[in-house]
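Working through the structure, step by step
Next come the chains, spelled out residue by residue.
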Amino acid sequence: MNCVDYVIALAGNPNTGKSTVFNALTGLNQHTGNWPGKTVAQATGSYVYNHKKYTLADLPGTYSLLAASVEEQIARDFLLFGNPQATIVVVDATCLERNLNLVLQVLEITDQVVVCVNLMDEARRKGLALDTAILERELGVPVIPTVARSARGLEELKEAVADVAACRIKTHPSRVIYPEAIEGAIKTLSAKLQPLLSRSNALRRRWIALRLLDGDDTVLAALTDYFVKNRREEGTV
Amino acid sequence: MSEQLQEVLQEAKKLRGELGSAAYHQIVTSLYQKAEATAQQAVRKAARRDWDRRIDDILTSRVFGYPIMLLLLAGVFWLTIQGANYPSALLSNLLFGLEEHLINFFLWLHAPAWLYGFLIAGVYRTLAWVVSVMLPPMAIFFPLFTLMEDLGYLPRIAFNMDGLFRRVGAHGKQSLTMAMGFGCNAAGVIAARIIQSPRERLIAILTNTFVPCNGRFPTLVAMAAIFFGGASVSALSGSLIASAVVLGIVLLGVLVTLAVSWLLSHTVLKGLPSNFALELPPYRPPQVGKIIVRSILDRTLFVLRRAAIIAAPAGGLIWILANVSIGGTSILSHVAGFLNPFAELIGLDGVILLAFLLGLPANEIVVPIILMSYLAAGTMTDLESISAMRKVFAENGWTWLTGLNVLLFSLLHFPCGTTLLTIKKETGSAKWTLLGFALPTAIAVIICFLVTQLVRLIGLV
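Every value quoted in this text rests on a predicted model; they were computed, and no experiment measured them.

**As for the overall build of chain A**
Scanning chain A from terminus to terminus reveals 9 helices and 8 strands. Restricting the contact set of chain A to residue pairs at least 6 apart, pairs at least 24 apart contribute 69%. Here chain A displays about 10000 Å² of accessible surface, and carbon together with sulfur accounts for 50% of that area.

In structure tokens form, the structure reads like this:
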């Protein structure tokens, strides 16, 4: 099983059909394993697409990544330290607004994102007209409409994931701009973080600065933990 | 490396201080605003859900949210007070009319006086009081409250109150656990499981008793009607004033909840409030038939049964205490006399305090025990509901201040035995359970003491 080509994270709010997507993609190729960051058993599975092997990590369903609960911490730590080549965020088409909150937070950690808008059939039944082209333009990452229950849209999803993971698509994620005072503080902190995390990109530094500002102690713990473990080489966070 | 890390942490702390505690909230708000704007671009809604939106815009608006909430609560209280009066009188006439026949039956049997004293004046009369005083308000309040729940209004209350709870460092879902507490504090304590953060869950558990549960609610209604509702409760103005008093007491309970939550989150349970997503479900037409059946069978009768099980032995006990004498004085007078000096300080009397202590297993029996204690040794009084109760209380030296203190003490004092056991089970800690007992009790004593001394000082009584 050591010939994995890509690691893909699967995130999403609870009750969005995330597990259905996971099962539909991986079929019976599932097992549980431990991932860096937290030693919590996590369901993983794999599938083959165009002769490449993709390992899918099913993150706990969360509304956010602000680490108020253990689930949120696990999901966040995997995105931070698990180094997935792409992240699928499954969203519920019937309540897009609430789900986008998580998408925006994932986009603050990584550029390599594919949004999977699931439950499109239920949305239609509720009289919601959802324009994925507009959503794609607004978010700056591929947006794929699906009905996971009946396997609709899954081929397109695999294709988009392959393109993003192999960097064949250059994403232009839209970012949340915070009030001026906070943006200023982010800039100051990012600069201070530069010598510490010289191998990480600016996006990651910005994200860590943000968490330091909102007083998230768990990110500090995760961070120092990571530093202690990687004392020899420089942190690649 | 770690020095550099420390330096960054120092800087972050400094910047956090400059930005103030609002930083976290601002960050979350920016995220939500962006999510909302993006969603609005991509989604077009058909007209169907618009109704819900429009209602929500009013019910959860900054301007109308709170007034509507208060009006609804006041309306429910008024319906309960006004509506409970008539069936209450009817029930008490019926039950106390039956008492005479029971006495005649025992006389015909030539039963010894102590036996029918114990059974009739003790057990039966307490049960009759519990049924006639407690049942009508419960039977009206519960369906009304369930109706609001069924309509989908409760999540809107949580939405409205979220800001307040955040400011005191508690979780916005605490208002949902409080709403459960109206039914039963033990249920409210269990409901705190919906709060994930252990710190905020403990706050919700420890403060739940400041919501008057349905066992105490009839006590509040009776006290408000007797001492503040004016001479005649059937008069509209009287019941309006009484409703306002009950509303005031409930609001005081909310205020104390917020104050204690603030106190806890700044002392033993320090931390920042966590954010959460609250789904506002669509409004649904309520299922009236189901509501009535469910609230009467599941709640009213359940609570009444619990009260009756405890009231019967308590009534017997009180009768024995009142009729067994040591040194020429009844045990009841001894105990009440012993409690009296302290009770006086907080504007109650020994009997009332004893009733609250005996009411630990179930708050429902407090008022019946007080009445029993006053009546057990005395002569038969013509008993018909509220005006009779007023007379009994007046004969035993109650003033409006006593009524007010019973209201306050009932609202603020220690939770009932069931709730305490539930706190123990939910927290798994004797220490928190003890705090759950001591904290409300201390607050009840302090507030009653201050009110009493202040009123006496000004000379209003």
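**Structural notes on the overall build of chain B**
Helix and strand counts for chain B stand at 19 helices and 3 strands. Counting every position in chain B, which comprises 461 residues, the buried fraction comes to 52%. Restricting to contacts in chain B with at least 6 residues of sequence separation, those with at least 24 account for 78%. Working note: accessible area of chain B is about 20900 Å², and carbon and sulfur atoms make up 68% of it.

**With respect to the nonpolar core**
Judged by nonpolar contacts, the single largest core of 103 residues is most densely connected at Ile370(B), Met389(B), Phe393(B) and Trp398(B). Here this core gets 13 residues from one element, more than from any other, and that element is helix α5 (residues 113-151) of chain B. Each residue touching Ile370(B), except ones within four places of it in the same chain, is listed here: Val351(B), Ile352(B), Ala355(B), Phe393(B) and Trp398(B). Formed by 62 residues, the second largest nonpolar core is a distinct cluster that contains Leu79(A), Val103(A), Leu197(A) and Ala35(B).

**Re the packing of helix α9 (residues 198-207) of chain B against helix α11 (residues 236-266) of chain B**
All names here are of chain B. At their nearest, the axes of α9 and α11 sit 10 Å apart, and the two run at 140 degrees to each other. Relative to α11, α9 is oriented oblique. The way α9 lies across α11 gives a crossing that is right-handed. Counted together, Arg199, Ile203, Leu206 and Thr207 of α9 and Thr257, Val260, Ser261, Leu264 and Ser265 of α11 form the full contact between these two elements. Its residues placed into classes, the contact of α9 with α11 shows 4 nonpolar, 4 polar and 1 charged.

**Some words on the interface of chain B and chain A**
Chain B puts 37 residues into the contact, and the matching count from chain A is 49 residues. When chain B packs against chain A, the two sides together hide about 3900 Å² of surface, and 71% of this comes from carbon and sulfur. Counting every contact that joins chain B to chain A gives 1 salt bridge. A salt bridge links Glu7(B) to Lys192(A), with the shortest nitrogen-to-oxygen separation between them at 3.2 Å. Our enumeration of links across chain B and chain A arrives at 5 residue pairs in polar contact (both at pLDDT 80 or more). Only α1 (2-19), α2 (22-42) and β1 (43-45) of chain B provide two or more residues apiece to the side of chain B that touches chain A. Among the residues making up the side of chain B that touches chain A, the classes are represented as 20 nonpolar, 7 polar and 10 charged.

**Overview of the pairing of strand β6 (residues 113-118) of chain A**
Residues and elements named next belong to chain A. Across the 6 residues of β6, 6 count as buried, placing the element largely inside the fold. With burial as the criterion, each face of β6 is covered, one bearing Val113, Val115 and Val117 and the other bearing Val114, Cys116 and Asn118. Pairing analysis gives 6 bridges linking strand β5 (residues 86-92) to β6, with the strands arranged parallel. Bridge pairing in β6 links Val90 to Cys116.

Calculation notes
Residues numbered from 1 in each chain as written. Chains lettered and ligands numbered in written order. Predicted model: local features only at pLDDT ≥ 70, side-chain atom pairs only at ≥ 80, totals over all residues. Heavy atoms only, no water. Helix = DSSP H or I, 4+ residues; strand = E, 2+ residues; numbered from the N terminus. Contact = heavy atoms within 4.5 Å. Areas by Shrake-Rupley, 256 points an atom, 1.4 Å probe, with all protein chains shown as cover. Buried < 20%, exposed > 50% of the residue type's maximum accessible area, 1.4 Å probe, protein only. Core = buried A, V, L, I, M, F, W, Y, C linked by side-chain atoms within 4.5 Å. Axes fitted to C-alpha atoms, helices over the stretch in contact; angles between N-to-C directions. Parallel < 35°, antiparallel > 145°, perpendicular 65-115°, else oblique. Left-handed = near helix turned anticlockwise from the far one by under 90°. Nonpolar A, V, L, I, M, F, W, Y, C, P; charged D, E, K, R; others polar. Buried area = accessible area lost by both parts, 1.4 Å probe. Salt bridge = Lys/Arg side-chain N within 4 Å of Asp/Glu carboxyl O. Polar contact = N/O pair within 3.5 Å; in protein donor to acceptor, adjacent residues only side chain to side chain. Pairing = 2+ DSSP bridges.

Just geometry here; none of it tells us what the structure is for.
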